[in-house]
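# Fold and geometry: a report
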Amino acid sequence: MKRSFGVQYFLALALIWPASIVFSVLAQNPPSADLILERADQNAVTGNKIILSQMTIHGRRDTRSIKSKSWIQGNDKTFTEYLEPPREKGIKMLKLGDQLWTYSPDTDRTISISGHMLRQSVMGSDLSYEDMMEDRELRKLYAARVTGEETVLERPCWVLELTAKLEDVAYYSRKVWVDKERYVLLKEERYAKSGKLLKTLDVKSVTRVQNRWVQDVAVFKDALKTGEGTEFKIESIEFDVPIPEALLSKASLRK
Amino acid sequence: MMRFILKGIIRDRARSVFPFLIVLAGAFLTVLLFCYIKRMAVDVTKYNANLRHGHVKVMTRAYAKEADQVPNDLASMNVSALIKDLQAEFPGYFWTRRIEFGGLLDIPDEKGETKTQGPVVGMAADLLSPSSPEPKLLELQKVIVRGRLPQKPGEILLSDELARNLGVQPGEKATLLSSTMHGSMSMTNFVIAGTIRFGIRAMDRMGIIADLADVQNALDMEDAAGEILGFADDLLYHQEKSVAMAKAFNARFQGQTDEFLPVMQTLSEQSGMELIFTGLKYLTSIVIGIFMLAMSLVLWNASLIGSLRRYGEIGVRLAIGENKTHVYTSMISESLMIGVLGSAAGTALGLAASYYLQVKGINISGMLRNITFLMPTVVRSRITPFAFIIGFIPGLLATFAGTAIAGLGIFKRQTAQLFKELET
């Protein structure tokens, strides 16, 4: 028995010990930056989702909230309808690929937003139309490298520095903090080519919805503006729901 | 004596033609530039005051700090009460509300979708109230190219250049996409009443003018305005009075830190205007100085050559007993006479050219693409009484200085050696 236990013990050690070495090496050495970005992208860009959200804009004079509902298909089709306050109610926006239209019931006009207008603020928030239009798959736009580890929201994070691979991106470089386990982006800084900080994102809360981690409260701030930034709060989110194709078309703006 | 000298100038043209032409050219340019500067000073002041800054301007402190970005979210509120205060405190001045705004002007196709669009820089002023001074201040009747002035709410004026670029005519619809003072998206339909051309690059490239009430409604600015402009009743800019007004007004809020308190600024404090005013003030003196120096150097050189050519003549005059001082003064008199003739001819030509500019003007719009202050794109001039004499200042001073320096050689001639020199 004794011998038998000794053999088993030895065999167990022989099997477990190398595995523990492998796991401990993996824990100390980060996965490749590309892999981290790929996982983060997978987490952010999904199939269909319907989001009811509230945007709170902290201006220099006052604070106001705007409620909207968005129907999102992948990362290139989004239909948004503003629900509150009364002045914004009924305004709709449609993003199809790299095109953006807005519709206002007061004027009964569908207007294409392009050129320098893309740099303007969306509803007075710290977010620009360009930010709204951005392809969220960071891996395609940026070359990444892991520069360290930090704790954000009491979660261990990889710190990645991203440098643009393409010329026509809105931000030349970014610094992102990605949760090591959940692969959720918890903090971000966006920089111009000169190195000037342009925008920041601070996630305030992450929640689990339908087996996915979702950043449900975040503050997006234009670093060039004074003020406290714009707070985005997701009131409800549904994943993998069918979205009628007719909704994601220009015709639906006037309905 | 003068008659004798005049005869010498006319008969011996070799000694007078070159200095005469130099003085003529100098006087011509001096008169022309003087008239141009005078007109430019008047135009720059008038355009910047009437179209953009007023003689004094009241804004919130926060707006004033970022005025170049037209931050309507920092605009003054309850402006009716503020204007009442200003009227009571500063009699002799009238006050108008203005809103500057930026945005996108979108022209619809038959389905109501975007046909063409372009960025615009807009100005809202009270165009429709019967007692409003704005149409006169903006000289709208003069700048209309096509169509007519707005006569009812919802009508705008569009820069003719922009209208042509967008392919729209008066009577067509356009939608302004902008931001309200609270930052929300604003979309407002307008009808293009007419097209305008101010002759000012900054306005003519992408300007629109709309009625104040329409824009207040579109940008959610009820009883609010970005700027309150104050004008002297005589419409002339009085620098010292404006500075005193601004000082008195701002003293009321001294020590308070609220960034939305009003602040008054004078015309010269806006968009680098002080530098322009100072530059224009000294430019006339600088121009005269430069021409005088250049002409003096040329005339000094011409007189030296003339002295060499007339070396024998001067020697003979000294040898037969003429006093050196007399020879020197007669040469200076001769130069001054050339100066008078050249200055008179140059002034006449300068006034003629200035008159042409005053009436016709020259278009320089292509050279004014990136300037930040309002400047007319047509070069014009303004003939003032002083223009009739200003050409004589460099003309006479330069001829006098040139000959006076060159003629000093007369005093170095040794009388004892004159005959020996003349023999050779």
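Quick caveat, the model's predicted, so the values are computed rather than measured.

Rules used in this analysis
Residues numbered from 1 in each chain as written. Chains lettered and ligands numbered in written order. Predicted model: local features only at pLDDT ≥ 70, side-chain atom pairs only at ≥ 80, totals over all residues. Helix = DSSP H or I, 4+ residues; strand = E, 2+ residues; numbered from the N terminus. Buried ≥ 20, exposed ≤ 12 C-beta atoms within 10 Å, placed from the backbone. Contact = placed C-beta atoms within 7 Å. Rg over C-alpha atoms; globule rule 2.2 N^0.38 Å. Pairing = 2+ DSSP bridges. Core = buried A, V, L, I, M, F, W, Y, C linked by C-beta atoms within 7 Å. Expected span 1.5 Å × (residues − 1). pLDDT = per-residue confidence, 0-100. Arc of directions from axis to C-beta.

### With respect to the overall build of chain A
The helix and strand inventory of chain A stands at 4 helices and 13 strands. Across the 255 residues of chain A, 27% fall into the buried class. Look at the contacts in chain A between residues 6 or more apart in sequence, and 43% of them connect residues 24 or more apart.

### So, the overall build of chain B
Counting secondary structure elements, chain B contains 16 helices and 14 strands. Taken against the 2.2 N^0.38 rule, which gives 22 Å for 424 residues, the C-alpha radius of gyration of chain B at 31 Å runs more than 25% over that of a compact globule. Across its three principal axes, chain B shows a C-alpha extent of roughly 100 × 55 × 30 Å. The burial tally for chain B puts 41% of its 424 residues in the buried class.

### Observations concerning the pairing of strand 13 (residues 229–239) of chain A
Residues and elements named next belong to chain A. Across 10 bridges, strand 1 (residues 48–58) lies against strand 13 in antiparallel orientation. Within strand 13, the residue paired with Lys 49 across the bridge is Phe 239. Pairing between strand 12 (residues 212–222) and strand 13: 4 bridges, direction antiparallel. Across the sheet, Val 219 pairs through a bridge with Glu 231, a residue of strand 13. Between strand 12 and strand 13, which pair antiparallel and follow one another directly, the connecting turn spans 6 residues, one of which, Gly 227, has a positive phi of 115 degrees.

### Here's the deal with the nonpolar core
Leu 160 and Val 178 of chain A together with Ile 156 of chain B are the most contacted members of the largest nonpolar core, which totals 103 residues. Sequence-distant contacts of Ile 156 of chain B, that is, excluding residues within four places in its chain, are made with Pro 150, Phe 190, Ile 192, Ala 193, Ile 208, Ile 209 and Ala 210 of chain B.

### Remarks on helix 15 (residues 392–406) of chain B
Helix length check: helix 15 of chain B, at 15 residues, gives a terminal C-alpha distance of 21 Å against a target of 21 Å (1.5 Å per residue), a fit within 8%. For helix 15 of chain B, the complete set of buried residues consists of Phe 392, Pro 394, Gly 395, Leu 396, Ala 398, Thr 399, Ala 401, Gly 402, Thr 403 and Ala 406 of chain B.

### As for the confidence of the model for chain A
Taken over all residues, the pLDDT of chain A has a mean of 83, while the share at 70 or more is 87%. This model gives residues 1–27 of chain A a pLDDT under 50, and the stretch forms 0 contacts once residues within four places in sequence are excluded.

### Quick notes on helix 2 (residues 33–44) of chain A
All names here are of chain A. When the terminal C-alpha atoms of helix 2 are compared, their 16 Å separation across 12 residues agrees well with the 16 Å that a helix rising 1.5 Å per residue should span. Buried within helix 2 are the following residues: Ala 33, Ile 36, Leu 37 and Ala 40. Angularly, the buried residues of helix 2 cover 95 degrees about the axis, an arc narrow enough to put them on a single face. The inward-facing, buried residues of helix 2 contact helix 4 (138–141), strand 7 (142–152), strand 8 (155–164), strand 9 (173–179) and strand 10 (185–191).

### Let's talk about the interface of chain B and chain A
Facing 21 residues of chain B, the contacting portion of chain A comprises 23 residues. Counting residues per element, the ones that place at least two in the side of chain B that touches chain A are strand 3 (93–108), strand 4 (114–125), strand 7 (173–179) and strand 8 (185–196) of chain B. Sorting elements by how many residues they give to the side of chain B that touches chain A places strand 8 of chain B first, with 4 residues.

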